[in-house]
Amino acid sequence: MVDAHLTQADPFHDRLKAAEAQLLHRLEQFRTAQILVVGDLTLDEFVTGEVERISREAPVPIIRHESTRRVPGGGANAVYNLAKLGGNISVAGLVGDDEQGQALVKMFQAAGIETGGIFIDRQRPTVTKTRISAHARQSVTQQVLRLDRKSDALPHADLQQQLADYIEQQRQTVAAVVCSDYGDGVLTPRVIQSALGGDRTIVDTQSNLSRYHQASLFTPNLPEAELEVGYPISDDQSLQQAGADLLERTQAEAILITRGGDGMTLFQRCGPTEQIPAFNRTDVFDVTGAGDTVVAALTLALASGSSLWEAVVLGNLAASLVVRQFGTATTTIEEMQDALTSLIHDS
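Heads up: these notes are all about the structure in this document. Sequence order as written defines the numbering, with residues in each chain counted from 1. A pLDDT threshold of at least 70 governs which residues receive local features in this predicted model, and a stricter bar of 80 or more applies before side-chain atom pairs are shown or counted, although totals over entire chains, interfaces and linings include all residues. Hydrogens and water molecules were not included; the side-chain quantities draw on all heavy atoms of the structure.

On to the packing of helix α2 (residues 20–29) against helix α11 (residues 333–345). Any two packed helices are characterised by how steeply their axes cross, that is the angle between the axes, and by the distance between the axes. The convention used is that axes are lines fitted to C-alpha atoms, helices contributing only their stretch in contact, and that angles between N-to-C directions extend from 0 to 180 degrees. Numbering of helices and strands runs from the N terminus, with a helix taken as a DSSP run of H or I at least four residues long and a strand as a DSSP run of E at least two residues long. Viewed as axis vectors pointing N to C, α2 and α11 meet at an angle of 170°, and their least axial separation amounts to 10 Å. In this view, α2 runs roughly antiparallel relative to α11, as classed from their interaxial angle. Here E20, L23, L24, L27 and E28 of α2 lie close against α11, whose contacting residues are I333, M336, Q337, L340, T341, I344 and H345. Here the contact of α2 with α11 is composed, by residue class, of seven nonpolar, three polar and two charged. Should an angle lie under 35 degrees it is considered roughly parallel, over 145 roughly antiparallel, and from 65 to 115 roughly perpendicular; all remaining angles are considered oblique. When checking whether two residues touch, look at their non-hydrogen atoms; a contact exists if any pair is within 4.5 Å. Residues are grouped as follows: Ala, Val, Leu, Ile, Met, Phe, Trp, Tyr, Cys and Pro are nonpolar; Asp, Glu, Lys and Arg are charged; all remaining types, including Gly, are polar.

Strand order in the open sheet formed by four strands is β3-β2-β6-β7, with mixed pairing between adjacent strands. Each having just a single partner strand, β3 (61–74) and β7 (142–149) make up the two edges of the open sheet. For this sheet the average axis-to-axis angle between neighbouring strands, irrespective of direction, equals 20°. Contacts between helix α3 (residues 75–84) and the sheet are confined to β2 (41–54) and β3, with β3 contributing the most and set at about 65° to the helix. For two strands to pair, DSSP has to find at least two bridges joining them.

A word on the pairing of strand β11 (residues 254–258). Each residue gets one of three labels from its accessible area relative to the maximum for its type: buried under 20%, exposed over 50%, partly exposed in between, using a 1.4 Å probe on protein chains only. For β11, the tally of buried residues reaches five of five residues, placing the bulk of the element in the interior. Burial of β11 is two-sided: the residues A254, L256 and T258 facing one way and the residues I255 and I257 facing the other way are all buried. Note that strand β10 (residues 217–218) and β11 share two bridges and pair parallel. The partner of L217 across the bridge, within β11, is A254. Relative to strand β12 (residues 264–268), β11 is paired through five bridges, and the arrangement is antiparallel. Within β12, the position partnered with T258 by the bridge is M264. Hairpin remark: β11 followed by β12, antiparallel, with five residues in the connecting loop; positive phi at G260, about 60°.

As a further point, take the sheet that holds strand β13 (residues 274–276). Ordered by their spatial adjacency, nine strands build an open sheet running β5-β4-β1-β8-β9-β10-β11-β12-β13, and the pairing between neighbours is mixed. The open sheet is flanked by β5 (114–121) and β13, the only strands paired with a single partner. Pairing analysis gives six bridges linking strand β4 (residues 88–96) to β5, with the strands arranged parallel. Considered in β5, the bridge of S90 is made with E114. Of the strands in this sheet, β1 (34–39), β8 (176–181), β9 (201–205), β10, β11 and β12 touch helix α9 (residues 290–303), which is tilted by about 175° from β9.

Turning our attention to the packing of aromatic side chains. What counts as a ring pair is set by centres within 6.5 Å for rings of Phe, Tyr and Trp (its six-membered ring), and what kind of pair is set by the plane angle: stacked under 30 degrees, edge-to-face over 60, tilted for all other angles. All chains considered together, the criterion is met by three aromatic pairs. Among the aromatic residues, those joined into a cluster by ring pairs are F12, F279 and W309. A ring is scored as having a charge over it whenever the NZ atom of a lysine or the CZ atom of an arginine sits within 6 Å of its centre and within 35 degrees of its normal. The residue whose ring lies beneath R15 is W309, and the NZ or CZ to ring-centre distance is 4.1 Å.

Right, dumping it as structure tokens:
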């Protein structure tokens, strides 16, 4: 059950109830959507073990390995979310000539994702974030170290061109292109130009939104929006100003600012500003990757014919489910259908 803090007398609840049949129909249509994701592909590793003693070599714990779990992270999490929500997904990106890159590609292929646009960069490693967690006997497991593998160098010009060519070939056959930019070098100006050539481009980037001038929709979270506009967003007045400034700066059709427990605010160039309340404020265990889930669900909704309001509602709903799980997580159409019904009828 989703904790929405909605009541039967809430106008948003009434609007949601009136849209229930349409929203459920849109969820069913996710399975027909064709989406291309261009992104910084990351492998997330979670290594867990038990602390045995302090090393004599250095004042650090010796951890006996118990388990290793690997999941798609960064832009790869956006790809995986789209696939788990039923979309027909292709991906454009880079991995290194290493075992981590092979593991990531295998995960995609097992999920039915088209990987023909993943090129091997022999000069740079697959971006990998390894989180090492440990526990003593009968104690809580805690993260003690994170080890990152990555390069700050840009991909070779030939690789940039291969990515751009693949995107140009694919964008004519898909309903939307998603740019998942984590700042790891895949989204160069040449690649961005190709991604913006289609009819609908959704951008999730941590900084410098203006590089994606005239994209259809941007989805910054509150800190990212503040970084872009250069001032704090602390009240409704500054929020409204930020939305207007971002629309002007990017020339986008819409800006969606995600605000955690305060919900989401949608600013539209040719429509009203919409406030969508948070659907889950109490059962939040981990917000890691929630933004990727929002982008995945709303992109599939838009590709299925949803209005922007419907798409944002479904993105919000999906995020309310994944924040209940630790680490980067995904949800499914069936889980979203159940949650939507619960949200409307159990409030």
